[in-house]
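# Structural characterization, general
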Amino acid sequence: AANGSTVELYSTASTDAEEMKASVTLETMIHAADVGANMQGWDTFIKWGSRLFHEDMTCFKAGRGQDPSTTWNKGQIGFLDGYVAPLAKKLITCGVFGDDGAIFLENVEENRRRWLVEGDAITVQLIAQYNDDASDV
């Protein structure tokens, strides 16, 4: 501030409710950024999911964690339904993306629909790719 006082994080005119909404909105956006690939198009969803599968398999083979290949297919649906879709709905409610906020939920629903059709085959392919990569080392 001009008089040398500390700049406040929120305007003094802000209400507690406005501060709470701002905090919840920021928290929601941070969570969404963490799982953003699941809210994007199919190719991005598969690209980053494949990388996570490979990382999880590497950890499992090193004795850290459980074998992801046994639960990957159903786990994708559980994660989309239990975490990503509710988070996408929360983004809509927050309104930070205006009318465009609905695209995240639409992408989650489309990724879920496609995973139900293609997930078994993709999981088999991920396992085979991991095994091929591991045998090359």
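Rules used throughout
- Residues numbered from 1 in each chain as written.
- Predicted model: local features only at pLDDT ≥ 70, side-chain atom pairs only at ≥ 80, totals over all residues.
- Heavy atoms only, no water.
- pLDDT = per-residue confidence, 0-100.
- Helix = DSSP H or I, 4+ residues; strand = E, 2+ residues; numbered from the N terminus.
- Salt bridge = Lys/Arg side-chain N within 4 Å of Asp/Glu carboxyl O.
- Buried < 20%, exposed > 50% of the residue type's maximum accessible area, 1.4 Å probe, protein only.
- Core = buried A, V, L, I, M, F, W, Y, C linked by side-chain atoms within 4.5 Å.
- Contact = heavy atoms within 4.5 Å.
- Expected span 1.5 Å × (residues − 1).
- Bend = angle between axes of the 7 residues up to and from the residue.
- Axes fitted to C-alpha atoms, helices over the stretch in contact; angles between N-to-C directions.
- Parallel < 35°, antiparallel > 145°, perpendicular 65-115°, else oblique.
- Left-handed = near helix turned anticlockwise from the far one by under 90°.
- Nonpolar A, V, L, I, M, F, W, Y, C, P; charged D, E, K, R; others polar.
- Phe/Tyr/Trp six-rings, centres within 6.5 Å; stacked < 30°, edge-to-face > 60°.

### A short note on the confidence of the model for the protein chain
- On average, residues of the protein chain carry a pLDDT of 89, and 89% of them reach 70 or more.
- Within the protein chain, helix H1 (residues 16–34) has the poorest average pLDDT of any element, 85, and helix H2 (residues 42–61) the best, 97.

### Some remarks on the pattern of salt bridges
- This structure, assessed with the given rule, holds three salt bridges.
- Put simply, glutamate 118 and arginine 114 hold a salt bridge, and the shortest N to O gap is 3.0 Å. Note that glutamate 118 and arginine 114 are positioned in helix H4 (residues 102–136) at a spacing of four residues, about one turn of the helix.
- The class of arginine 114 is partly exposed, set by a relative accessible area of 25%.

### Things to note about the nonpolar core
- Formed by 22 residues in total, the largest nonpolar core has its most connected members in Met39, Val108 and Trp115.
- Mapped by element, the contributors of at least two residues to this core are H2, helix H3 (72–94) and H4.
- For this core, the element with the highest residue contribution is H3, accounting for eight residues.
- If we skip the residues at most four places from it in the chain, tryptophan 115 touches Trp42, Phe45, Ile46, Trp72, Asn73, Gln76, Ile77, Ile122 and Thr123.

### Details of H4
- Helix length check: H4, at 35 residues, gives a terminal C-alpha distance of 43 Å against a target of 51 Å (1.5 Å per residue), a shortfall beyond 12%.
- Of all bends in H4, the biggest is about 65°, found at glutamate 118.
- Among all positions in H4, only Leu105, Val108, Asn111, Trp115, Gly119, Ile122, Thr123, Leu126 and Tyr130 are buried.
- The inward-facing, buried residues of H4 abut H2 and H3.

### A closer look at the packing of H1 against H3
- Viewed as axis vectors pointing N to C, H1 and H3 meet at an angle of 140°, and their least axial separation amounts to 10 Å. Between H1 and H3, the angle falls in the class oblique. For H1 against H3, the interelement crossing comes out left-handed. On H3, the residues touching Lys21, Val24, Thr25, Thr28, Met29, His31 and Ala32 of H1 are Tyr83, Leu87, Lys90, Leu91 and Cys94.
- In the contact of H1 with H3, the residues fall into seven nonpolar, three polar and two charged.

### Quick notes on the packing of aromatic side chains
- Following the criterion strictly, the structure yields five aromatic pairs and no others.
- Seen from their ring centres, tryptophan 42 and phenylalanine 45 are 5.6 Å apart, and the 40° between their planes marks the pair as tilted. Separated by three residues within a single helix, tryptophan 42 and phenylalanine 45 lie in helix H2, roughly one turn from each other. You'll find tryptophan 42 and phenylalanine 45 in the same group, each marked buried.
- Considering the side-chain rings of phenylalanine 53 and tryptophan 72, the 5.2 Å spacing of their centres and the 75° angle between planes classify their relative orientation as edge-to-face. Taken together, the positions of phenylalanine 53 in helix H2 and tryptophan 72 in helix H3 put the pair 19 residues apart, joining distant regions of the chain.

### Focus on the environment of alanine 37
- Relative to the elements of secondary structure, alanine 37 occurs in the loop between H1 and H2.
- Note: C-alpha distance between alanine 37 and valine 108 (71 residues apart in sequence) is 9.5 Å.
- Those residues in contact with alanine 37 that lie beyond four places of it in its chain are Thr44, Phe45 and Trp48.

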